[in-house]
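# Summary of the model geometry
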Amino acid sequence: MTKVMREYLLSFDILTDKDIDLLEGKIQKVELKKDEYYIKEGSVCKSVAFVVSGIFRSFYATSNEEETTYCFRFENTFLSAYSSFLTQNKSVENIQALSDSVLLVIPRAEILKLEEKSRNWLRFFKIMTEQEYIDMEKRIFLLQKESAEKRYKDLLQNQPEYLQLIPLNYLASYLGITQRHLSRIRKSISN
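These lines cover the structure that appears in this document, whether it is placed above or below.

The rules we used
- Residues numbered from 1 in each chain as written.
- Predicted model: local features only at pLDDT ≥ 70, side-chain atom pairs only at ≥ 80, totals over all residues.
- Heavy atoms only, no water.
- Helix = DSSP H or I, 4+ residues; strand = E, 2+ residues; numbered from the N terminus.
- Buried < 20%, exposed > 50% of the residue type's maximum accessible area, 1.4 Å probe, protein only.
- Contact = heavy atoms within 4.5 Å.
- Areas by Shrake-Rupley, 256 points an atom, 1.4 Å probe, with all protein chains shown as cover.
- Pairing = 2+ DSSP bridges.
- Salt bridge = Lys/Arg side-chain N within 4 Å of Asp/Glu carboxyl O.

The next point concerns the overall build of the protein. Assigned secondary structure in the protein consists of nine helices and eight strands. When burial is assessed residue by residue, the protein has 40% of its 191 residues classed as buried. Residue pairs in contact within the protein that sit at least 24 positions apart in sequence constitute 70% of those at least 6 positions apart. On the protein, roughly 11300 Å² of surface is accessible, and the fraction owed to carbon and sulfur atoms is 49%.

Moving on, we come to the pairing of strand β8 (residues 101-107). Most of β8 sits inside the fold, with six of its seven residues counted as buried. Across five bridges, the pairing between strand β1 (residues 28-32) and β8 is antiparallel. Directly across from V30, in β8, lies its bridge partner L103. Pairing between strand β3 (residues 47-53) and β8: six bridges, direction antiparallel. Residue pairing for β8: F50 is matched across the bridge by L104.

Here the focus is the pattern of salt bridges. Going through the model one piece at a time under the given rule, you end up with 10 salt bridges. Its salt-bridge partner being R57, residue E67 comes within 2.6 Å of it at the nearest N-O pair. Here E67 is found in strand β5 (residues 67-73), whereas its partner R57 is found in strand β4 (residues 56-61), with 10 residues between them in sequence. Judged by its relative accessible area of 41%, E67 falls in the partly exposed class. For E130, the salt bridge goes to K126, with nearest N and O atoms at 2.5 Å. With E130 and K126 both in helix α5 (residues 119-145), this residue pair falls four residues apart, about one helical turn. Members of the salt-bridge network, linked through shared partners, are R6, D17, D21 and E24.

In structure tokens form, the structure reads like this:
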């Protein structure tokens, strides 16, 4: 486990050093090259990963076979095809590395053991799940209630790193607009 991951886990003020020590020897370091996948649609997600370095996008294919990007993950966050992880059904999403990346992967079986051994781990995973729900709800409301220009301005204000690091075609998909529309918005805002 890296020092950064340990500090991240401790920052929630739930887990003790002893709780975190339960993870020692249970984590696998995985390196992915740009464009490789953490999980592909049709696979069952059997782990959660901490992003040590890199950028990931989560996307699904529409019935027209168009890719829709709905989430990005950066370093010092967790990622998983969470619905598949919980249900052990096949994933409908893909999680792809947008850059060379390093992950610390925790197998599902180990997570279940942590929850059995420590109420603190159970509380930690509950809070992580609640935060994911809140983030997803905010995203849905933003997509349904606000204009494309407002969604772009929201990114400028709250996640400027997206605008610097994410290819425009994925950014446009994330915003629910075409690349051409994104270019017009960017031009009108910069004037």
